[in-house]
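Here is how the chains run, residue by residue.
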Amino acid sequence: LIKAWEEVSRFFPDYNNGSRIVVTTRISNVATYFDSLCLELSFLHEDKSWKLFCGKAFGQVGCPSELEDLGKEIVKKCKGLPLSVSVIGGLLGRSHVEQLYWRYIAKYLTSILNSGREDQNCLSICWAKYLHASARIANK
């Protein structure tokens, strides 16, 4: 990863004009390589995860009572990762708001999020978001 940055960094010259590049990583030695401000973010607690999920899925309306238990199960499987909570909430907010569909998503998330390959999990979630967006665009 560091070697890759060294190869592409020449395309981002520092002209002292205020431009910045933000690098996010969960690998601490990559973060320290940049010799810049490092912020360590913690995982979200379940209550904050739930609030984020509901905001993404339902906006100001709030979660329908018949989906609350399934929604909390889905949120728990996101293990406090804001990207997971946000993307899944956004996807479900734009999809079928019915128990059968949400039960299917909860089951599917178990296989992705509990595989033990965290980087692959994030890619899978982002890929799902991409496919959903592509399908929406194609249907317009």
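From a predicted model like this one, the values you see are computed outputs, not experimental measurements.

Rules of the game
Residues numbered from 1 in each chain as written. Predicted model: local features only at pLDDT ≥ 70, side-chain atom pairs only at ≥ 80, totals over all residues. Heavy atoms only, no water. pLDDT = per-residue confidence, 0-100. Helix = DSSP H or I, 4+ residues; strand = E, 2+ residues; numbered from the N terminus. Axes fitted to C-alpha atoms, helices over the stretch in contact; angles between N-to-C directions. Left-handed = near helix turned anticlockwise from the far one by under 90°. Contact = heavy atoms within 4.5 Å. Nonpolar A, V, L, I, M, F, W, Y, C, P; charged D, E, K, R; others polar. Buried < 20%, exposed > 50% of the residue type's maximum accessible area, 1.4 Å probe, protein only. Polar contact = N/O pair within 3.5 Å; in protein donor to acceptor, adjacent residues only side chain to side chain. Salt bridge = Lys/Arg side-chain N within 4 Å of Asp/Glu carboxyl O. Phe/Tyr/Trp six-rings, centres within 6.5 Å; stacked < 30°, edge-to-face > 60°.

This part takes up the confidence of the model for the protein. Looking at the protein, the pLDDT average stands at 79 and 76% of residues meet or exceed 70. For the protein, the element scoring lowest by mean pLDDT is helix α7 (residues 118-138), at 57; helix α3 (residues 46-58) scores highest, at 95.

Turning next to the packing of α3 against helix α5 (residues 82-93). Between α3 and α5, the shortest axis-to-axis distance is 7 Å and the interhelical angle comes to 30°. Read as a crossing pair, α3 and α5 show a hand that is right-handed. Contacts from Ser49, Leu52, Phe53, Lys56 and Ala57 in α3 reach Pro82, Val85, Ser86, Ile88, Gly89, Gly90, Leu92 and Gly93 in α5. Taken together, the residues that form the contact of α3 with α5 break down as 7 nonpolar, 5 polar and 1 charged.

Okay, the environment of Arg10 next. Inspection of the secondary structure assignment puts Arg10 in the loop between α1 (2-8) and α2 (28-33). For Arg10, a relative accessible area of 64% gives the class exposed. Separated by 3.5 Å, the side chain of Arg10 and the backbone oxygen of Glu7 make a polar contact.

With that settled, the discussion passes to the pattern of salt bridges. Counting across every chain of the model gives 3 salt bridges. One salt bridge in this structure joins Lys3 and Glu7, with 3.7 Å as the shortest N-O distance. Here Glu7 and Lys3 lie together in helix α1, a separation of 4 residues that amounts to about one turn. Note that Glu68 and Lys72 form a salt bridge whose closest N and O atoms lie 3.2 Å from each other. Remark: Lys72 and Glu68 occur in helix α4 (residues 65-77); sequence separation between them is 4 residues, near one turn of the helix. When its relative accessible area of 29% is taken as the criterion, Glu68 is described as partly exposed.

Our next topic: the packing of aromatic side chains. Applying the stated rule across the entire model yields 3 aromatic pairs. Between Trp50 and Phe53 the ring centres are 5.7 Å apart and the planes differ by 20°, which places this aromatic pair in the stacked class. Of this pair, Trp50 and Phe53 both sit in helix α3, 3 residues apart, roughly one helical turn. The class of Trp50 is buried, set by a relative accessible area of 17%. Look at Phe58 and Trp102: their rings are 5.7 Å apart centre to centre, the planes differ by 20°, and that puts the pair in the stacked class. In this pair, Phe58 sits in helix α3 while Trp102 sits in helix α6 (residues 99-113), placing the two residues 44 residues apart along the sequence. Under the relative-accessibility criterion, Trp102 is labelled buried at 0%.

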